[in-house]
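A look at the structure
Each chain is listed here by its residues.
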2 protein chains.
Amino acid sequence: MEEKTLIFGHKNPDTDSICSSLVMEKFDKNLGFDVEAVRLGDVNKETQYVLNYLGIEAPRLIDEVCEGQAVVLVDHNEFAQSVNGIEKAKIETVVDHHRIANFETAEPLYYRAEPVGCTSTILYKKFKEENMEIEKKEATLMLSAIVSDTLLFKSPTCTAEDKKACEELAKIASIDINTYGLDMLKAGTDLSDFTPEELINIDSKEFVSGDFKVQVAQVNTACIEDVLQNKVEIEKAMTDFMNQNGSNLFVLLITDILNSNSQAIVLGDIPVFEKAFNKTVENNMAFLEGVVSRKKQVAPVILNVL
Amino acid sequence: MEEKTLIFGHKNPDTDSICSSLVMEKFDKNLGFDVEAVRLGDVNKETQYVLNYLGIEAPRLIDEVCEGQAVVLVDHNEFAQSVNGIEKAKIETVVDHHRIANFETAEPLYYRAEPVGCTSTILYKKFKEENMEIEKKEATLMLSAIVSDTLLFKSPTCTAEDKKACEELAKIASIDINTYGLDMLKAGTDLSDFTPEELINIDSKEFVSGDFKVQVAQVNTACIEDVLQNKVEIEKAMTDFMNQNGSNLFVLLITDILNSNSQAIVLGDIPVFEKAFNKTVENNMAFLEGVVSRKKQVAPVILNVL
């Protein structure tokens, strides 16, 4: 067991998970706590753009935690999305912006959730509440997380608080949100050197309802057709994943970040998907107009049917 | 369905549940929200002392909520301790100081938990964070809740933050904490006109682990022997409750608030209790020295064995 408290976001970390872990580490260190930000998976290209911009290293990769390990969760709470061994860890703090489910502790804890678009927006408020100065590095990390989670304020999950926080952070970081943000998002859409197996794991989350396991993966792109060129191979990778994992339904969202639509590839229990979206799946595909948010527009819609 | 958002504490409400509901109502109204504090059960004598002191009425009693009803939970989160119909309600906000378990939402929400001794300590911080003035009435309500939950700072659940908040609130309310607090606690120990059925329901909570249901009730007294005079009748009431409710284990804590010990009456799966506390139960009883907190010293100890 590590003496330090470990801080991490969800498996298949996105930019919010990595950046908020690093910001939370700074916040807790400022308060005198012995903590370390770590990560539960590979850094994606969008996040790598942020780390390169700042000239910093990614947090250390971990795979599991021992019984009793003190941990802080950011950007998630569901055990299925967390580190292996989380059931036996000592969860001290959670800072998150998702629904609460498949989560349980034996002891009281700090839990701070708000229905905003990004974990970093809550961290920004925590710095303000503590009258803690925000430095350029943390401002850039939080700004990047907000741009990523809200797709430059275009996602329906984006709130006035996210926008306001991002604008304040842009001043501290001396960054033009639109220029930087679009470059960052585009860096994340370069899918050229991913194998199909890697592609479906870039940003993939499992949701459990009773015995039913739904996997919802998402990739961002500037051109949906480019991604669909490998549809057959992608479907094979999805099928292999479902067989290994025992998933009942797999939805891959290919999200056009310029036009704010998603093409879904759907495998497994297709009627559940069709009932949820009142759409016919043809050739394993359905076009979801205006859908860009897994959290707000996909996961609850499917879970509602189950 | 009611248009207003309903705010309530747990079933078998204690002083924190009632007072924090009223304070949260004030907090949300100050922010312009349409809310109403309600309660899920009878007001106990300790709480009645507080309401009489302030010359105010108890919140309205409710029994269940309709599907989609907007609610705010204070001082609890576990569905087993909440209103009937909670599974289908829209939980907008939780402010609590307990572990999180048997709780789940479909949508993101506000959740504020801290491992302090009383919900009102967190509400006090929320007023401060919003730079909201605390009036005499709310100061008295929060102070009463803190005195009740921490047994005048003697419970192991009491933190430095609870004490500090209570002292600040005492200034606003112009109250001598010790004099008022002891009178209030003593008012709660008058058990003379309770039937055994009522006694075991004054402050009773259910904890669920898998299929195992544990009921832990607590009464405060200045003299344990007084309560034990009706031991046979109390045990009958406990047995009836377990049969009706399908409980596997029932622990009644008779807590001596002057000396900070508890006499436990234990029925049902006694070996689970004995393993948890490493104690032999004799004549359905075990004396728990220094034990006054169900949350910190009893519930987790039993749940840990299960």
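Refer to the structure printed above.
The sections below set out a description of the structure shown in this document. Every value quoted in this text rests on a predicted model; they were computed, and no experiment measured them. (Residues numbered from 1 in each chain as written. Chains lettered and ligands numbered in written order. Predicted model: local features only at pLDDT ≥ 70, side-chain atom pairs only at ≥ 80, totals over all residues. Heavy atoms only, no water.)

**Some remarks on the relation of the copies chain B and chain A**
Placing chain B over chain A gives an RMSD of 0.0 Å and needs a rotation angle of 180°, together with 0.1 Å of translation along the axis. Taken together, these values place the two copies in the relation of a two-fold axis. Identified as the residue of chain B closest to the rotation axis by C-alpha distance is Arg112 of chain B, at 2.5 Å. The fraction of interface residues of chain B whose copies in chain A are also interface residues reaches 100%, indicating that both copies meet through the same surface. (Least-squares fit on C-alpha atoms with pLDDT ≥ 70 in both. Contact = heavy atoms within 4.5 Å.)

**So, the pairing of strand β10 (residues 261-268) of chain B**
Along any regular strand, the residues point their side chains to alternate faces of the sheet. Residue and element names in this part refer to chain B. With seven of eight residues buried, β10 lies mostly within the body of the structure. Where strand β9 (residues 249-256) folds back onto β10 in an antiparallel hairpin, the turn is made up of four residues, including Ser260, whose phi is positive at roughly 60°. In the sheet, β10 pairs with strand β11 (residues 285-288) via four bridges, with the strands oriented antiparallel. Note on β11: the bridge partner recorded for Ser262 is Leu288. (Buried < 20%, exposed > 50% of the residue type's maximum accessible area, 1.4 Å probe, protein only. Helix = DSSP H or I, 4+ residues; strand = E, 2+ residues; numbered from the N terminus. Pairing = 2+ DSSP bridges.)

**Topic: the packing of aromatic side chains**
One pass over the structure, following the stated rule, counts 15 aromatic pairs over all chains. For the pair Tyr49 of chain A and Tyr180 of chain A, a centre-to-centre distance of 5.8 Å together with 55° between the ring planes defines the contact as tilted. Residue Tyr49 of chain A is located in helix α2 (residues 45-54), and its partner Tyr180 of chain A is located in helix α6 (residues 177-188); the two are separated by 131 residues in the primary sequence. Judged by relative accessible area, Tyr180 of chain A falls into the buried class, the value being 4%. Pairing Phe79 of chain B with Phe103 of chain B gives two aromatic rings, centres 5.6 Å apart and planes at 65°, and the pair type is edge-to-face. (Phe/Tyr/Trp six-rings, centres within 6.5 Å; stacked < 30°, edge-to-face > 60°.)

**Here we look at the pattern of salt bridges**
The full count for this structure, using the stated rule, is 28 salt bridges over all chains. Glu114 of chain A is paired through a salt bridge with Arg112 of chain A; the nearest N and O atoms lie 3.0 Å apart. The exposure class assigned to Arg112 of chain A is buried, which follows from its relative accessible area of 10%. The residue Glu167 of chain B makes a salt bridge to Lys163 of chain B at a minimum N-O spacing of 3.8 Å. In this pair, Glu167 of chain B and Lys163 of chain B are both assigned in helix α5 (residues 160-173), four residues apart and thus about one turn of the helix distant. On the basis of relative accessible area, Glu167 of chain B is assigned to the partly exposed category, the value being 37%. Overlapping salt bridges bring together Arg112, Glu114, Lys125, Glu129 and Glu161 of chain A as one network. (Salt bridge = Lys/Arg side-chain N within 4 Å of Asp/Glu carboxyl O.)

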